[in-house]
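Examination of the molecular architecture
The primary structure of each chain is shown beneath.
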Amino acid sequence: MSEMAPPAARDGASGGRQRKLAAVLFADVVGYSRLMGEDETATYDALRRLRGAIDPMIASHAGRIVSSAGDGLLADFASVVDALSCAVEMQKIARELNAASPPNRHLQLRIGVNLGDVIVADDNDLYGDGVNIAARLQALAAPGGICLSHTVYDQVRNKLALDYRLLGKHRVKNIAEPVRVYAVGAPAPAMSLLLGRWRALVAIVGIAIAAGLVGVVVFDQLPRSESSAVGAAVAAPVVATLAVPARLAERTPVAVLPFKNLSPDAGQDFFSDGITEDIINALGRFSNLLVAAKSASLQFKGRDVPPAEVGRTLDVRYLVEGSIRRAGDQLRISVELSEAATGFHLWSEVYNTEPKDIFSVQDDITRRIVGAAAVKLTRLERDRVLRKPTANLDAYEYVLRGRADYANPTRAANNEARELFQRAIDLDPNYAAAYAALGTVHYEAAVSGWSEFPNDEIGRADALAKKALALDPAATKAYLLLAYTSIFRKDYERGLAQVDQALAINPSDADCYQVRGAILQWSGKSAEAVTWLQGAQRLGSTNAEILMNLGISQYALGQYGEAIGTLERALARNPGRMNQLMAHPVLAAAYARLERRQDAERERAAVARLAPFFDADRFAAQFGTKETRDGMLAGLKAAGFR
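Residues numbered from 1 in each chain as written. Predicted model: local features only at pLDDT ≥ 70, side-chain atom pairs only at ≥ 80, totals over all residues. Heavy atoms only, no water.

As a further point, take helix α16 (residues 432-447). In this model, α16 (16 residues) spans 23 Å end to end at C-alpha, consistent with the 22 Å of a helix rising 1.5 Å per residue. In terms of residue burial, α16 counts as a mostly covered element, since twelve of its 16 residues are buried. In this structure, the buried residues of α16 make contact with α14 (393-406), α15 (411-427), α17 (454-471) and α18 (476-488). Immediately downstream of α16, the backbone of Gly 449 shows phi near 75°, a positive value. (Helix = DSSP H or I, 4+ residues; strand = E, 2+ residues; numbered from the N terminus. Expected span 1.5 Å × (residues − 1). Buried < 20%, exposed > 50% of the residue type's maximum accessible area, 1.4 Å probe, protein only. Contact = heavy atoms within 4.5 Å.)

What follows is about helix α9 (residues 269-284). With 16 residues, α9 extends 23 Å from end C-alpha to end C-alpha; this agrees with the ideal 22 Å at 1.5 Å per step. With 14 of its 16 residues buried, α9 lies for the most part within the structure.

With that settled, consider the packing of helix α23 (residues 560-572) against helix α24 (residues 577-593). Where α23 contacts α24, the two axes come as close as 9 Å, and the packing angle between them is 150°. Classified by the interaxial angle, the pair formed by α23 and α24 is roughly antiparallel. Our pair here, α23 against α24, has a crossing hand that is left-handed. Taken together, the residues of α24 that come into contact with α23 (itself represented by Tyr 560, Ile 564, Leu 567, Glu 568 and Leu 571) are Gln 580, Ala 583, His 584, Val 586, Leu 587, Ala 590, Tyr 591 and Arg 593. Looking at the contact of α23 with α24, its residues break down into nine nonpolar, two polar and two charged. (Axes fitted to C-alpha atoms, helices over the stretch in contact; angles between N-to-C directions. Parallel < 35°, antiparallel > 145°, perpendicular 65-115°, else oblique. Left-handed = near helix turned anticlockwise from the far one by under 90°. Nonpolar A, V, L, I, M, F, W, Y, C, P; charged D, E, K, R; others polar.)

With respect to the secondary-structure elements, Gln 138 resides in helix α4 (residues 129-140). The class of Gln 138 is buried, set by a relative accessible area of 7%. Here Arg 110 takes part through its side chain, which lies 3.4 Å from a polar atom of the side chain of Gln 138. Leaving out residues up to four positions away in the same chain, Gln 138 has contacts with Phe 26, Ala 27, Asp 28, Arg 110, Ile 111 and Gly 112. (Polar contact = N/O pair within 3.5 Å; in protein donor to acceptor, adjacent residues only side chain to side chain.)

Shown next, in the form of structure tokens:
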């Protein structure tokens with residue numbers, strides 16, 4: 001390494017110490033202490049085999065092992081491309097070696113890669129911020145994953161065809177500015193890269209030669225024998241792999257930012273927010289699009305942020321922005337589609353219309369967006385978008401107002417939403433979305449303890465969801481509601497089938513990713529659950545419930561340190577009492593597993609305050625497999641629960 005690297009500079013300000021710019025790789029084995037505690041000899045032998053394979057790999061990429069203590073490893077490279085290529089190969093080797101071992105004996109690596117200035121000690125060890133950041137990136141990586149700093153990403157993004165995913169900014173101890181972090185997945189398929197370039201070219205050329213014309217939408221001609229029924233489900237294997245990072249990377253990412261309310265009446269916010277949500281849902285039904293969740297876009301409401309920054313934060317290629325001005329019987333909607341990285345406007349339009357024509361405007365906006373982005377549609381997707389939710393504008397407004405109330409998690413707001421959804425049904429008895437929304441408030445009343453007869457509320461929710469589907473077989477919120485009621489009854493197989501129906505219709509519905517992850521977690525399929533919950537995060541959902549389920553899944557996989565970090569983040573979001581009653585016991589168990597007795601006792605005390613009669617056996621019994629139940633109970637007992 002020293003022969004290949006540029007000459008190290010002498011730093012007069014630091015007492016003549018040598019400094020150099022280096023690509024730093026930091027790797028660590030996940031759960032190494034636990035593995036050694038369970039079987040010291042087998043773990044040592046497995047680590048020796050792993051090091052025997054990766055040490056020559058580092059040398060073959062012109063790298064130098066700086067230090068290695070126990071399960072950790074620090075290496076430096078003259079080339080950041082070599083460093084990342086080596087990291088990818090190291091993870092590949094680790095997976096191959098793990099294939100012969102049971103899952104609970106896998107040696108999984110976490111790797112961080114940074115490019116920065118370092119101090120070279122007399123013994124050729126490395127120190128400084130460049131190393132500290134690499135170590136922090138390693139800690140942020142998922143088991144089997146790689147995290148990069150922005151400085152690395154800038155150098156490699158056009159040189160290595162990998163699946164890069166922005167994780168946002170993270171603070172590093174003793175570093176003044178937050179570090180922008182990226183996760184790295186598998187190499188992107190060559191065809192996906194070609195299609196991505198082709199789509200961008202079509203979008204730009206289309207604008208250049210057809211300014212002002214309606215974007216062209218290309219439809220697949222399905223065989224006559226294939227059903228075009230709106231509710232037809234996509235094949236199960238397609239849905240089952242939607243959250244796999246490589247599948248997510250194949251889809252064109254887009255975000256719809258909250259439409260601005262320019263109406264004289266500030267109380268019309270519910271209307272502009274409702275239009276935003278409906279456009280998000282409409283775009284989400286196109287299988288080639290990856291649409292950011294409403295909760296992700298909401299952070300930009302009322303803010304003037306450069307498109308490039310929004311694109312980086314949400315990890316999207318295209319942005320949809322707009323405004324709504326409503327005065328009496330007149331409605332003015334302005335909307336534009338732009339390229340996030342450059343701010344280049346691909347399409348814009350101003351609609352002067354009446355409120356009763358709002359659905360036609362929404363349809364036109366949706367079609368023009370997918371046309372300008374050169375998205376290829378199937379006839380099934382086209383049919384779904386052309387369906388009108390209701391012919392009654394007043395009923396639509398009641399649903400929008402009810403959504404706004406439902407977003408406020410209080411009993412009073414829930415009751416108000418119930419009245420508004422019922423009014424919508426009274427005005428249009430065939431309004432499927434209103435039935436699904438009304439069923440959701442009944443479900444919320446049951447799980448939030450706002451009803452003396454929760455089972456009756458769940459039964460009512462089920463009936464309303466089925467009514468919605470009888471009216472509209474493509475009502476995704478109705479399928480999602482049936483999935484929720486299935487979780488309540490612990491009928492996980494039925495819940496999975498229902499959420500898969502919703503995902504077949506809207507493969508960008510972040511709520512569905514979250515619910516599917518929760519079902520898998522409760523049914524004991526923790527590894528699969530992590531993929532779906534991280535998929536929900538990729539779409540921008542970062543609520544406490546996602547973090548709670550992710551933390552529980554990590555605990556079940558023996559990733560106690562990761563579980564602690566995730567559950568602490570969940571609690572930092574001030575979740576409700578129900579989520580606290582889940583997070584604190586698992587935190588106590590995770591701390592106990594790591595022999596952090598004082599922390600475990602603190603969490604046990606928090607549980608005692610929330611639930612004085614907490615029963616460890618009953619808590620563990622709610623998980624779906626014996627292995628998960630036993631693992632949870634052992635941790636709880638170790639934490640001092642009885």
